[in-house]
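Architecture at a glance
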Amino acid sequence: MGKVLEVIRVSKRFLGLQALKEVSLHLEEGEILAVIGPNGAGKSTLLNLLSGLLRPDSGRILFQGQDITHLPPEARTHLGLGRAFQIVQPLPELTVRENLLVGARFGKPQVRQKEAEAWVEEVLRLTGLERRAEALAGELTLLEDKRLELARALATRPRVLLLDEVMAGLRPKEAEEAVALVRRIRDAGVSILFIEHLMPVVRALADRVVVLDYGEVIAEGTYQKVAQDQRVREAYLGRGA
Amino acid sequence: MAYGLAFVVLLLAVGLSLWAEMSPFRLAQAACRQSETVARVLGVRVIRVKLLSLFLGSLVAGLAGGVYGMKTLFLTPYDAFSLGRAVEALVIPIFGGLYSTPGPLLGGVILVGLEQALRLWIQEGYLVVYGAILILVILFLPRGLVGVLGRHRG
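Chain A is annotated in an unreviewed UniProt entry as ABC transporter ATP-binding protein of Thermus scotoductus.

Now the structure itself:
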């Protein structure tokens, strides 16, 4: 197992706010890594830096050994770094199948139409969206929206998938289904880095957990290990705890 | 001569539009229109899509302008760059139905015909009636004429 994604001493400041401070972490091949932390800890900033929507002030980001710090989002997707958004952003005037086709067709440069279409069918099957393939993306339920968000990221054929609170707003039963889906995606050979608020989901899914607080990594390890960590408890429950 | 050329430009425009509608370019355009962020994260080269869209649009508009000049043999900034003409170029596709090939065709035939007919029937202030019709159509048929036809078919 090698490091498929590596963040080296990355910092990012927004005006007066130090969103990330010298953050270093990595994702192993085939691993599911959770990044957790209280609100404002810098989780979303980290994901935006990884997917290229923001540039770091300092530090480097390596993907499969290649420096991608200054690559634009589309180039990162072409290399195999996919992303699903927290606030689901379907393309509402396109059908579910067409939404996936955007990812399948443009996620890699020079994909043939036939290949893209065949891959879309596979993704529809994997994510259980087959029956909704012809529905307009604007007409889906929340659960279906979340599935579409995942499916569309998957359609770009990522090696690494970044998930931004994709379980938020789901009922426990639905979250369970989504957890099973994320596992299936990993078993298909995709390494996953996800941000999550729901602790049951983190415990069920994560091989390893990184905890951020005020833009710094304060703990790292298995769920059991970080759950015992004094600094993590303080970050979540307040300094007096 | 000018009419023949205008017809050629029409065929070219329809051809380009059909190509854009059937190729993956349509999906790329739809993605960029709805969210550039999402489009980029899905691997769409947004700048290329925008440049190509601008290029195709200006190509047709430029050709049409050339033919227009050949027909009138006289161009003034008042007419060529009037607000009315600029708005017309937007209103016709919206009226007929955006993002489709038949939409702007249908919109053009009906709106230009309507404008001419109103000019004959109501000499004074025909533009007021024309404007009122446009507002009503855009209010009640947001997807244009093609949207109505499509719904009946479905």
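This next bit is on the overall build of chain A. Each helix and strand in chain A was counted, giving nine helices and 10 strands. Taken against the 2.2 N^0.38 rule, which gives 18 Å for 241 residues, the C-alpha radius of gyration of chain A at 18 Å falls within 12% of a compact globule. Across its three principal directions, the C-alpha atoms of chain A cover 55 × 40 × 35 Å.

Here the focus is the overall build of chain B. Regarding its fold elements, chain B presents nine helices and zero strands. On the principal axes, the C-alpha backbone points of chain B span a range of 55 × 40 × 25 Å.

How big an interface is tends to be stated in terms of accessible area lost as the parts join. Taken together, the 15 residues of chain B in the interface contact 23 residues of chain A. Going through the elements one at a time, α2 (25-34) and α3 (36-41) of chain B are the ones with two or more residues in the side of chain B that touches chain A. Looking at the side of chain B that touches chain A element by element, the count peaks at five residues for α2 of chain B. Of the residues that constitute the side of chain B that touches chain A, the class distribution is nine nonpolar, four polar and two charged.

As a further point, take the domain arrangement of chain B. For chain B, the assigned domains are domain 1 (1-79) and domain 2 (82-154). Between domain 1 of chain B and domain 2 of chain B, the C-alpha centre-to-centre distance is 19 Å.

This brings us to the packing of helix α4 (residues 113-126) of chain A against helix α5 (residues 142-155) of chain A. All names here are of chain A. In contact at an axis separation of 10 Å, α4 and α5 are set at 145° when each is read in the N-to-C sense. Our pair here, α4 against α5, has a crossing hand that is right-handed. Contacts between α4 and α5 involve Trp119, Val120 and Val123 from the first element and Ala151, Leu154 and Ala155 from the second. Looking at side-chain class alone, the contact of α4 with α5 contains six nonpolar, no polar and no charged residues.

Residue and element names in this part refer to chain A. Here strand β7 (residues 160-164) lies mainly inside the structure; five of its five residues are buried. Covered by surrounding structure in β7 are Val160, Leu162 and Asp164 together with Leu161 and Leu163, the residues of both alternating faces. As judged from the four bridges shared by strand β6 (residues 81-84) and β7, these two strands associate in the parallel manner. If you follow arginine 83 over to β7, its bridge partner there is leucine 162. Bridge count between β7 and strand β8 (residues 191-195): five bridges; the pairing is parallel. Bridge assignment links aspartate 164 to a residue of β8, and that residue is isoleucine 195. Regarding topology, helix α6 (residues 172-187) serves as the crossover connection from β7 to the parallel β8, and that connection is right-handed.

This paragraph deals with the sheet that holds strand β2 (residues 17-28) of chain A. All names here are of chain A. Ordered by their spatial adjacency, four strands build an open sheet running β2-β1-β4-β5, and the pairing between neighbours is antiparallel. Here the strands that pair on one side only, and so sit at the sheet edges, are β2 and β5 (66-67). As judged from the two bridges shared by strand β4 (residues 58-63) and β5, these two strands associate in the antiparallel manner. The residue bridging leucine 62 from the neighbouring strand is aspartate 67, located in β5. Across the sheet, helix α1 (residues 43-51) touches β1 (3-14), β2 and β4, and the angle it forms with β2 is around 60°.

A separate point is α4 of chain A. All names here are of chain A. Helix length check: α4 (14 residues) gives 20 Å between terminal C-alpha atoms against 20 Å at 1.5 Å per residue, within 8%. Of all the residues in α4, the buried ones are Ala116, Trp119, Val120, Val123 and Leu124. Projected down its long axis, α4 shows its buried positions confined to an angular sector of 145°, all on one face. Away from its buried face, by an angle of more than 90 degrees, α4 presents the exposed residues Lys114, Ala118 and Arg125.

Below, the discussion takes up the sheet that holds β6 of chain A. Residues and elements named next belong to chain A. The mixed open sheet is built from six strands, whose spatial order is β6-β7-β8-β3-β9-β10. Both edges of this open sheet fall to β6 and β10 (216-221), since each of them pairs with a single strand only. Here the average twist between neighbouring strands, direction ignored, is 20°. Contacting β3 (32-36), β6, β7, β8 and β9 (208-213), α1 crosses the sheet at an angle of about 145° to β7.

What follows is about the nonpolar core. Among the nonpolar cores identified, the biggest contains 84 residues, and Val211 of chain A together with Ala31 of chain B are the most heavily contacted of them. Other than its neighbours up to four places away in sequence, valine 211 of chain A contacts Ile36, Gly37, Val217, Ile218, Ala219, Val226, Val232 and Ala235 of chain A.

Criteria and thresholds
- Residues numbered from 1 in each chain as written.
- Chains lettered and ligands numbered in written order.
- Predicted model: local features only at pLDDT ≥ 70, side-chain atom pairs only at ≥ 80, totals over all residues.
- Helix = DSSP H or I, 4+ residues; strand = E, 2+ residues; numbered from the N terminus.
- Rg over C-alpha atoms; globule rule 2.2 N^0.38 Å.
- Contact = placed C-beta atoms within 7 Å.
- Nonpolar A, V, L, I, M, F, W, Y, C, P; charged D, E, K, R; others polar.
- Domains from an automatic or database assignment.
- Axes fitted to C-alpha atoms, helices over the stretch in contact; angles between N-to-C directions.
- Left-handed = near helix turned anticlockwise from the far one by under 90°.
- Buried ≥ 20, exposed ≤ 12 C-beta atoms within 10 Å, placed from the backbone.
- Pairing = 2+ DSSP bridges.
- Right-handed = clockwise from strand over helix to strand, strands pointing away.
- Expected span 1.5 Å × (residues − 1).
- Arc of directions from axis to C-beta.
- Core = buried A, V, L, I, M, F, W, Y, C linked by C-beta atoms within 7 Å.

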